[in-house]
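Topology and contacts: notes
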Amino acid sequence: MSERAAPFYCPYCGDEDLRPSEEAPARGEGAAWECRSCSRAFRLKFLGLLRPGSTGRTPSASDGGTS
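Values in this document were obtained by computation on a predicted structure and should not be read as measured data.

The strand order across the open sheet formed by three strands is β1-β2-β3, and the pairing between neighbours is antiparallel. Only two strands of the sheet have a single neighbouring strand rather than two, namely β1 (18-20) and β3 (41-44). Averaged over all pairs of adjacent strands, the angle between strand axes in this sheet comes to 35 degrees, irrespective of strand direction. Alignment of strand β2 (residues 31-35) against β3, held across four bridges, turns out to be antiparallel. Paired with Ala32 across the two strands is Arg43, which belongs to β3.

Structure (structure tokens):
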């Protein structure tokens, strides 16, 4: 995968004024982005694909599960 996906909005403030960070990520770290509105930086990383019908996690006691 040579191209990186761009976020549409900041996960903190919801603004759309995002720029790629000039910081070069190490292999496997994910792409860094900067929000010009709230002055926060965050990193995106693709984790993988889920199996059909899978949620990707097991419910825990803190979110209503019984384990």
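Read on, since the account is not over.
If charged atoms from side chains of opposite charge come close, those side chains can pair. Applying the stated rule across the entire model yields two salt bridges. Ionic pairing is found between Arg19 and Asp17, a salt bridge with its closest N-O pair at 3.2 Å. Note that Arg36 is salt-bridged to Glu34, the shortest N-O span being 3.9 Å. Of the residues examined, Glu34 reaches a relative accessible area of 27% and is grouped as partly exposed.

Turning our attention to the pairing of β2. A large share of β2 lies buried, amounting to four of its five residues. Counting the residues in the hairpin turn of β2 and β3 gives five residues, including Ser39, whose phi is positive at 60 degrees.

Of note in this structure, Ser39 is not a glycine but carries a positive phi near 60 degrees. Along the chain, Ser39 falls in the loop between β2 and β3.

Below, the discussion takes up the state of the cysteines. Inspection of every chain in the model, using the stated rule, returns zero disulfides. Of all cysteine sulfurs in the structure, the one in Cys38 sits closest to Cys10, which takes part in no disulfide; the separation is 3.8 Å. Free cysteine: Cys38, not disulfide-bonded; nearest cysteine sulfur from Cys35 at 3.7 Å.

Calculation notes
Residues take numbers from 1 onward in each chain, read along the sequence in its written order. Selection of residues for local features in this predicted model requires a pLDDT of at least 70, selection of side-chain atom pairs for listing and counting requires 80 or more, and totals for whole chains, interfaces and linings are taken over all residues. Water and hydrogen atoms play no part in the side-chain values, which are based on all heavy atoms of the structure. We treat two strands as partners when DSSP finds at least two bridges between them. Secondary structure elements follow DSSP: runs of H or I of four or more residues count as helices, runs of E of two or more count as strands, with numbering from the N terminus. Convention adopted: a line fitted to C-alpha atoms gives each axis, helices being fitted over their contacting stretch, and angles between N-to-C directions are expressed from 0 to 180 degrees. Just to be clear on terms, a salt bridge is a Lys or Arg side-chain nitrogen sitting within 4 Å of an Asp or Glu carboxyl oxygen. Type-normalised accessible area, obtained with a 1.4 Å probe on protein chains alone, sets the label of each residue: buried when under 20%, exposed when over 50%, and partly exposed for intermediate values. Cysteine sulfurs are considered disulfide-paired once they come within 2.5 Å of each other.

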